[in-house]
Amino acid sequence: MDHVSSFDEPLLKLLGGATAKVMAEHLGLHTVGDLLHHYPRRYEERGKLTALADLPLDEHVTVVAQVADARILMFNNGRGKRLEVTLTDGSGRLQLVFFGHGVHKPHKELLPGRQAMFAGKVSVFNRKMQLAHPTYQLLDASDADEATEAVDAFAGRLLPIYPACKQLDSWRIAKAVDAVLPSAREAVDPLPEALREGRGFTPLPEALLKVHRPQTKADIEDAKARLKWDEAFVLQVALARRRYADTQLPAIARRPVADGLLDAFDAKLPFTLTEGQRKVSKEIFDGLATEHPMHRLLQGEVGSGKTMVALRAMLAVVDAGGQAAMLAPTEVLAQQHHRSITEMMGDLAEGGLLGGSDLGTKVVLLTGSMGTAARRQALLDLVTGEAGIVIGTHALIEDKVQFHDLGLVVVDEQHRFGVEQRDALRSKGKQPPHLLVMTATPIPRTVAMTVFGDLETSVLDQLPAGRSPIASHVVPAKDKPHFLSRAWERVREEVEKGHQAYVVCPRVGDDAEETDAKDGKRSKAKKAASEEEGDKRPPLAVLEIAGQLRTGALAGLSVEVLHGRMPPEEKDDVMRRFAAGEVDVLVATTVIEVGVNVPNATAMVIMDADRFGVSQLHQLRGRVGRGAAPGLCLLVTEAHEASPARARLSAVAATLDGFELSRIDLEQRREGDVLGQAQSGVRSSLRMLTVIDDEEVIAAAREEAVAVVAADPELEHLPELRTVLAALLDKEREEYLDKG
């Protein structure tokens with residue numbers, strides 16, 4: 001059998017339709033190779049039990065425990081019956097419940113003293129942890145054959161516990177893995193031989209066997225070390241090849257000119273640049289001065305002065321005879337950048353106009369909704385070179401847009417801008433333009449190395465003077481309702497001091513189709529989540545909360561709403577009045593997360609804060625404390641004190657450091673979701689590698705990858721690596737096409 005084909009074989013052939021269907025739909029596993037790379041999340045030692053005391057709430061768990069007692073209880077005047085089973089493992093106890101007709105089999109099998117594996121979702125009922133209707137497998141069945149079979153299925157003492165889903169338990173996945181394990185012998189090894197031997201790695205087929213069916217803990221360590229390296233290395237080779245290809249492209253070096261626009265701009269600045277801004281500017285200017293395109297990622301907290309740094313780079317390029325374009329993800333942001341850049345530049349932004357500086361240049365705005373005449377004029381200014389700086393949305397990438405000499409592209413918020421668009425922009429210059437990507441989402445170094453691995457990175461980590469600290473507190477509305485009433489009093493106090501406040505809610509709430517323009521995808525997921533949680537109430541909504549506040553806690557103040565389903569002119573009107581100070585309290589969805597700047601707003605109350613991600617909470621919070629007065633952010637939640645959700649909120653309350661929070665965010669996410677939707681394709685290939693803990697592996701793999709690509713850019717001498725890489729890039733391409 002040809003070595004590729006056994007890995008590419010569809011699971012359907014081997015496993016039977018029902019199992020294969022669940023694997024494809026819920027776990028994203030389609031082929032033998034996919035399943036072999038679906039590694040156990042952890043291992044249980046037979047006879048050594050998971051501490052029941054440490055079970056996480058709301059998660060699907062697998063535990064091995066002993067039955068302490070089991071009893072059938074009648075309810076509903078004897079019409080209904082339920083079986084309650086108590087498990088014990090020395091560390092704690094756990095209740096299982098079975099209802100209705102489902103009680104007979106477990107009642108016969110789960111006798112006191114029996115040991116079994118149980119899987120289900122942990123919930124709390126009457127203050128006790130419980131699993132309702134768990135699936136289970138006996139580990140010491142009375143029937144000797146059955147017992148040996150159960151033990152054989154979990155060969156050795158280490159039981160692999162697989163990332164599972166509601167429809168498919170860990171041990172069914174284990175059985176499926178048994179069916180495909182023989183194919184592991186035909187795995188294609190991507191590591192060059194010299195590298196594999198030099199680092200003393202286990203051969204790949206052996207690593208796959210050891211990770212799925214380890215005999216000892218050392219087996220697990222061996223396998224993990226090897227499999228992590230494969231992932232890191234193949235990914236870093238892909239990125240190194242992308243960077244290598246970029247260095248082969250020609251670009252025009254753009255060097256700042258003395259006494260030009262940039263010097264005139266710097267002379268007018270009412271403040272001095274921070275040390276960080278100077279350091280990052282130098283890195284950027286060095287990049288612009290090279291003969292191949294600069295590709296740099298500039299990351300910095302909201303308010304760290306990224307726009308200022310980017311603008312100085314744009315002015316330097318205009319001085320050197322080129323043009324600069326800035327791309328924003330939405331029209332509103334493009335308009336806002338255009339406003340703030342023309343304000344910062346003053347008369348330098350009026351080149352060629354009467355009263356403009358003779359050094360100046362035209363700064364034009366180009367968006368899809370502009371009137372025809374304005375748009376025609378903007379396009380003309382670009383083609384003639386009259387406009388040195390253009391700010392716009394993706395409309396800038398359209399075929400109709402021609403530049404005189406495009407030298408630099410600045411992209412705001414990379415994760416909304418893929419590699420494909422980058423290529424489209426490249427064709428706009430006489431030669432490929434330099435590229436500067438800005439993001440306000442703090443990205444830990446290793447993530448920058450993996451997700452943005454084809455960009456060099458600069459970080460702005462000081463906040464400029466004049467930004468006020470933000471105090472954050474968790475408000476446990478369920479345990480301590482008086483804390484919530486105190487929160488509304490605090491909002492009132494801020495308004496009495498002449499300030500304003502935001503109240504953020506997870507949904508809009510007129511229960512028309514629940515999708516905020518920006519939150520479309522999220523709402524569907526939320527809906528699914530709430531159906532799964534069954535008894536949990538739906539998340540709080542803007543319209544309900546605004547109504548309650550107007551008549552209750554904030555009666556007498558002017559309270560307005562803002563959400564993605566309002567017509568654009570209404571949105572603009574509310575925002576304008578809020579910015580002008582005519583509205584005291586704005587009740588909004590996450591539409592305010594990006595780019596709303598009202599320095600007079602000092603307080604923010606986030607309702608159902610546990611329904612938002614860590615980075616999102618951090619972004620939202622960045623909307624207050626933008627002026628001279630200190631900010632206050634209150635995270636309201638009904639989450640249980642011991643729940644992971646509460647731990648997340650406490651972390652957000654405890655630090656304002658976005659990098660620290662992005663680490664916590666990554667540590668807390670489930671497997672498969674590590675890199676969010678950060679960029680096309682790449683994250684799909686990470687199974688074993690955790691981007692947070694494996695910094696050394698990633699850094700070492702990056703070095704090796706750079707060396708391999710430098711020596712053999714086309715990988716002519718490494719056919720196996722080429723095969724594996726082609727498969728990875730194919731996946732990326734597929735994902736890109738899916739995203740359309």
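This structure is a prediction, so every number in the text was calculated from the model and none was measured.

Cut-offs applied
Residues numbered from 1 in each chain as written. Predicted model: local features only at pLDDT ≥ 70, side-chain atom pairs only at ≥ 80, totals over all residues. Heavy atoms only, no water. Pairing = 2+ DSSP bridges. Helix = DSSP H or I, 4+ residues; strand = E, 2+ residues; numbered from the N terminus. Axes fitted to C-alpha atoms, helices over the stretch in contact; angles between N-to-C directions. Contact = heavy atoms within 4.5 Å. Expected span 1.5 Å × (residues − 1). Buried < 20%, exposed > 50% of the residue type's maximum accessible area, 1.4 Å probe, protein only. Arc of directions from axis to C-beta. Left-handed = near helix turned anticlockwise from the far one by under 90°. Nonpolar A, V, L, I, M, F, W, Y, C, P; charged D, E, K, R; others polar. Salt bridge = Lys/Arg side-chain N within 4 Å of Asp/Glu carboxyl O.

Draft legend 1. Seen up close, the sheet that holds strand 18 (residues 559-562). Spatial strand order, 16-21-20-17-19-18: six strands in an open sheet with parallel pairing. Among the strands making up the open sheet, the edge pair consists of strand 16 (470-476) and strand 18. Looking at each pair of strands side by side, their axes are set apart by 20° on average, direction ignored. As paired elements, strand 18 and strand 19 (residues 585-588) share four bridges and run parallel to each other. Bridge pairing in strand 19 places V561 opposite V587. Contacting strand 17 (500-504), strand 18, strand 19 and strand 20 (601-606), helix 21 (residues 568-579) crosses the sheet at an angle of about 140° to strand 18. Lying over the sheet, helix 22 (residues 614-621) contacts strand 16, strand 17, strand 20 and strand 21 (631-637), oriented at roughly 150° with respect to strand 20.

Draft legend 2. Region of interest: the sheet that holds strand 12 (residues 387-392). Taken in spatial order, the seven strands of this open sheet run 11-12-10-13-14-9-15, and their pairing is parallel. Each edge of the sheet is formed by a strand with only one pairing partner; in this case those strands are strand 11 (362-366) and strand 15 (456-460). Strand-to-strand twist in this sheet, taken as the mean axis angle between neighbours without regard to direction, amounts to 20°. Both strand 10 (residues 323-327) and strand 13 (residues 406-412) contribute to a ladder of five bridges, which runs parallel. Across the sheet, the residue bridging to Q323 is L406, located in strand 13. Helix 12 (residues 275-288) contacts strand 9 (295-300), strand 13, strand 14 (434-439) and strand 15 of the sheet and is inclined by roughly 160° relative to strand 15.

Draft legend 3. Focus on helix 12. With 14 residues, helix 12 extends 20 Å from end C-alpha to end C-alpha; this agrees with the ideal 20 Å at 1.5 Å per step. Buried within helix 12 we find G276, Q277, V280, S281, I284, F285, G287 and L288. Summarising the axial view, the buried residues of helix 12 lie within an arc of 160°, below the 170-degree limit, and thus occupy one face. Set apart from the buried face of helix 12 by more than 90 degrees, the exposed residues are E275 and K282.

Draft legend 4. Broad picture of the packing of helix 12 against helix 13 (residues 306-319). Between helix 12 and helix 13, the shortest axis-to-axis distance is 10 Å and the interhelical angle comes to 35°. For the pair helix 12 and helix 13, the crossing hand works out as right-handed. Together, Q277, V280, S281, I284, F285 and L288 of helix 12 and M308, V309, R312, A313, A316 and V317 of helix 13 make up the contact between the two elements. The residue inventory of the contact of helix 12 with helix 13, partitioned by class, reads nine nonpolar, two polar and one charged.

Draft legend 5. Quick look at the pattern of salt bridges. Throughout the structure, instances matching the rule amount to 30 salt bridges. Close ionic contact of K21 with E25 constitutes a salt bridge, the shortest N to O distance being 3.6 Å. Note that K21 and E25 are positioned in helix 3 (residues 17-27) at a spacing of four residues, about one turn of the helix. Comparing K21 with E25, the two get one shared label, exposed. Among the salt bridges present, the one from E560 reaches R577, with a minimum N-O distance of 3.2 Å. Remark: R577 occurs in helix 21 and E560 occurs in strand 18; sequence separation between them is 17 residues. Look at E560 and you get partly exposed, because its relative accessible area is 23%.

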